[in-house]
Amino acid sequence: MEMFQLLCRLRWKSILSITAGLLMSASMGAQVKLKGFTRAHAGKTLVVSMEEDYISRLPHLLATTVVNGEGYFQVEFDLTEVREVTLSIGSVKAQLFVTPDKSYDVVIPEPQSDTQRRFDRVDVGLIFANPDMEDINFFIPKFDADYNTFVNEHYLDFAQQEFAGSEAYKISRDEHLGRSGLRPHQEGADTSAAATENVVGAALVQEYKATMFERYAAWQRNDFAYQYMRYRIAELELAASGFRAELYKEYFFSQPMLLNHPAYMRFFTSFFENEFTDALEGRKRDCVIQAINGWRDFAAAGRCLSDNPLLTVEHVRNMAVLLGLKKAWHEELLLRGAVSEALGSAAGSVKPEYIATLAANLRESFVRHRLGYAPEPFALPSARHDTLNSESLRGQYVYLYFYTSWSITCRKELMVLSKVHEKYKSAVTLVCINMDDEYASFANDLSNYRDCEWPFVYGAADPLLREKYNIRSVPHACLLDTEGRLMYDYTRRPSEGAEGLFEELAVRLRKQNPQQGQRTWKD
């Protein structure tokens, strides 16, 4: 059943875009030139980014450029290896695999019209102005389509041990095999004989593996494509056979660790992500708890796993510890403060050095956008074309309210906010930040808030604002202290009891200075 559940997860996960990113080298690398066209986003800022690494998933900014009035853009950045980057602009985003020392000419299309407005960016497929059919951007979608077809049509076959006795399963399995071409379907054939054969799971994956390597034989000359195919199929082998020792020898033993390869890291995570937590829940529990909750020592935690036959290699073991600490932090299996300190201890105490870099990134991901975190500053225009700089708000308690003009929920929240502002304006500075795609929509909507005494600014003028404040949906709110740091992991929206937060701040200010409230943005 465990194998079947993993295949079910693969069925859905396999349709997601694979993301890449681990910039370990400080060297400049080779230049990537990217130009293109996007008529609908003339005048807007295009952001090119990737993920820092596959464990922390921190965003890494590569470059930004403004699309000219005719819709054309051009940008250059340096990379040392093949990466998957994200192009974000307005309400859309697109993925592109880029190779150092190559040039790309793309068109960013608009998403298909949708009657339902949405805040999150929509994925669109890039159109290549000068298609290079030998580029990996053409190989990966084709391979992924075949991969998804196999998983969708055969994931039930991996459940033979649980469901092989079902007559419906026998018929379904035979039809699945027939559609895939791996086993021709014959009308009137004895389906029970085929279904009761114990040639499923691992054998089925091996057939698929041979088929794919034959179909994409020409791509095996491209190392990135070859490794992509190899490790994606390895996920199926892991789910189908469960023969971990054999898979370890084939894919990890005496082989380089491809930290910057998306398929490799996806398989590595699937293979090793539970080794640490299994030790924590098993006979190594006392050792792990002492190492993390007691000593707060990353290296000591690694030594607890040293007798695991799959973790005898130090750098593999340390990577497994990183994956385990990430899971332990999110699921609160260990003290969060202890996990954070243990990650900090990795610097200078574990090898190779990139482990310490990964540990530092993971530690940062834990604190980002949480209590005490100071978001990066912003400078946003108002409808009067003056600029509000977040640095000017220091010394005040600030409630940032992010909204869009088209959201009914945002409008309702603003009505609640306007009712409490008059009472608490001496305690809390209120700033409303509009996240519409178009500045004109923001400016036109301001007529609804003529009586409001607090500032309204245009947030989309900063293309990185979503990332700075972790804005996944609207309405969204943040309460900052006098040093510009987040006061809560999650800030209540107006209808959720923000007035209670304001009252607490008012009481605090009265105790600190009975004669005077805090400065406001007008001061």
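Residues numbered from 1 in each chain as written. Predicted model: local features only at pLDDT ≥ 70, side-chain atom pairs only at ≥ 80, totals over all residues. Heavy atoms only, no water.

Explain the layout of surface pockets to me, using residue names and the numbers behind them.
Taken as a whole, the largest pocket spans an internal volume of roughly 1,500 Å³. Contributing to the lining of the largest pocket are 41 residues, with Glu51, Arg57, Pro59, Glu467 and Arg472 lying nearest its centre. For the lining of the largest pocket, the secondary structure elements donating two or more residues are strand S2 (45-51), strand S3 (59-66), strand S5 (83-89), strand S6 (92-98), helix H13 (314-330), helix H15 (353-367) and helix H18 (465-468). Top contributing element to the lining of the largest pocket by residue count: S2, with four residues. Along the lines of polarity and charge, the residues of the lining of the largest pocket split into 13 nonpolar, twelve polar and 16 charged. (1 Å grid on protein atoms, 1.4 Å probe; cavity = no way out; pocket = protein on both sides within 12 Å on 5 of 7 lines; lining within 4 Å. Points joined across faces, edges and corners; volume = space filled by probe spheres on them. Helix = DSSP H or I, 4+ residues; strand = E, 2+ residues; numbered from the N terminus. Nonpolar A, V, L, I, M, F, W, Y, C, P; charged D, E, K, R; others polar.)

An account of the environment of Ser407 is requested, with residue identities and associated values reported.
Here Ser407 lies in the loop between strand S12 (398-403) and helix H16 (408-424). Distance in space between the C-alpha atoms of Ser407 and Val474 is 7.9 Å, their sequence separation being 67 residues. Of note is the side chain of Ser407, whose polar atom sits 3.1 Å from the backbone nitrogen of Cys410. (Polar contact = N/O pair within 3.5 Å; in protein donor to acceptor, adjacent residues only side chain to side chain.)

Can you lay out the packing of helix H6 (residues 202-215) against helix H7 (residues 223-241) for me, pointing to particular residues and giving the numbers?
Here H6 crosses H7 at 170 degrees, and the two axes come no closer than 9 Å. For the element pair H6 / H7, the angle class is roughly antiparallel. Residues Ala202, Val205, Gln206, Tyr208, Lys209, Met212 and Phe213 of H6 form the contact with H7, whose own contacting residues are Tyr226, Met229, Arg230, Ile233, Leu236, Glu237, Ala240 and Ser241. Taken together, the residues of the contact of H6 with H7 sort by class into ten nonpolar, two polar and three charged. (Axes fitted to C-alpha atoms, helices over the stretch in contact; angles between N-to-C directions. Parallel < 35°, antiparallel > 145°, perpendicular 65-115°, else oblique. Contact = heavy atoms within 4.5 Å.)

Now, about the state of the cysteines: what can you tell me, with residues and values included?
For the structure on display, the rule yields one disulfide. Not engaged in a disulfide, the cysteine Cys452 finds its nearest cysteine sulfur in Cys432; these two sulfurs lie 7.0 Å apart. (Disulfide = S-S within 2.5 Å.)

Tell me about the nonpolar core, residues and numbers included.
If you look at the biggest cluster of nonpolar residues, it comprises 77 residues, and the most contacted ones within it are Phe143, Phe272, Ile292, Met319 and Leu322. The biggest single contributor to this core is H7, with ten residues. The residues contacting Phe272, other than those within four sequence positions of it, are Tyr248, Phe252, Leu310, Leu311, Val316, Ala320 and Leu323. Counting 48 residues, the second largest nonpolar core, distinct from the first, contains Tyr401, Leu414, Leu430 and Ala498. (Core = buried A, V, L, I, M, F, W, Y, C linked by side-chain atoms within 4.5 Å. Buried < 20%, exposed > 50% of the residue type's maximum accessible area, 1.4 Å probe, protein only.)

Provide a residue-level description of the side chain of Thr277, including the pertinent values.
Of note, Thr277 is situated in helix H10 (residues 275-281). If sequence neighbours within four positions are ignored, Thr277 has contacts with Gly324, Lys327 and Leu333.

How would you explain the sheet that holds S6 if you had to name every residue and give the values?
Taken in spatial order, the five strands line up as S3-S2-S5-S6-S8 in an open sheet, and their pairing is mixed. Pairing within the sheet leaves two strands with one partner each, and these edge strands are S3 and strand S8 (122-123). (Pairing = 2+ DSSP bridges.)

How would you sum up empty space enclosed by the protein? Please name residues and give values.
All told, the structure shown has four cavities of 30 Å³ or more when counted by the stated rule. If you add up the space inside the largest cavity, you get close to 140 Å³. As for the largest cavity, its lining consists of 15 residues, of which Ser390, Arg394, Tyr469, Leu480 and Gly484 are closest to the centre. The volume enclosed by the second largest cavity comes to roughly 60 Å³. In this structure, the second largest cavity is lined by Tyr399, Leu417, Val420, His421, Tyr424, Lys425, Val428, Leu430 and Phe502. Of the residues forming the lining of the second largest cavity, the biggest block, four residues, is contributed by H16. Tallied by class, residues from the lining of the second largest cavity come to seven nonpolar, one polar and one charged.

Explain the side chain of His41 to me, and be specific about the residues and the numbers.
For His41, the location among the structural elements is in the loop between strand S1 (30-37) and S2. One polar contact links His41 to Thr38, side chain to side chain, over a distance of 2.7 Å. Here Glu110 takes part through its side chain, which lies 3.1 Å from a polar atom of the side chain of His41. Those residues in contact with His41 that sit more than four places away from it in its chain are Val67, Ile89, Gly90, Ser91, Val92 and Glu110.

Run through the sheet that holds strand S15 (residues 476-480), naming residues and quoting values.
Read from one edge to the other, the open sheet built from four strands follows the order S14-S13-S12-S15, with strand pairing classed as mixed. Each edge of the open sheet is held by one strand with a lone partner, namely strand S14 (456-458) and S15. Across the sheet, the mean angle separating the axes of adjacent strands is 25 degrees when strand polarity is ignored. In the sheet, strand S13 (residues 429-434) pairs with S14 via three bridges, with the strands oriented parallel.

How would you summarise helix H14 (residues 336-344) if you had to cite specific residues and measurements?
Buried within H14 are the following residues: Ala338, Val339, Ser340, Ala342 and Leu343. Buried residues belonging to H14 abut helix H11 (285-294), helix H12 (298-304), H13 and H15.

Tell me about the packing of aromatic side chains, and name the residues and values.
One pass over the structure, following the stated rule, counts 40 aromatic pairs. An angle of 80 degrees between the planes, with centres 6.0 Å apart, marks the rings of Phe143 and Tyr228 as edge-to-face. With Phe143 in helix H2 (residues 136-154) and Tyr228 in helix H7, this residue pair connects regions lying 85 residues apart in the sequence. Across this residue pair, the class does not change: Phe143 and Tyr228 are buried. Measuring from ring centre to ring centre gives 6.0 Å for Phe213 and Tyr226, while their planes differ by 65 degrees; the resulting arrangement is edge-to-face. Of this pair, Phe213 sits in helix H6 while Tyr226 sits in helix H7, and the two are 13 residues apart along the sequence. (Phe/Tyr/Trp six-rings, centres within 6.5 Å; stacked < 30°, edge-to-face > 60°.)

Describe the environment of Leu465, with residues and values.
Mapped onto the fold, Leu465 is located in helix H18. Separated by 90 residues in sequence, Leu465 and Pro375 place their C-alpha atoms 9.5 Å apart.

Which residues make up the pairing of S12, and what values do they have?
Most of S12 is tucked away: six of the six residues are buried. Here S12 shows two buried faces, one formed by Val398, Leu400 and Phe402 and the other by Tyr399, Tyr401 and Tyr403. Strand direction decides the pairing type here: S12 and S13, joined by six bridges, are parallel. Within the sheet, the bridge partner assigned to Tyr399 lies in S13 and is Leu430. Since S12 and S13 lie parallel, the crossover through H16 that links them has a hand, and here it is right-handed. Across five bridges, S12 lies against S15 in antiparallel orientation. Of the residues in S15, the one forming a bridge with Phe402 is His476. (Right-handed = clockwise from strand over helix to strand, strands pointing away.)

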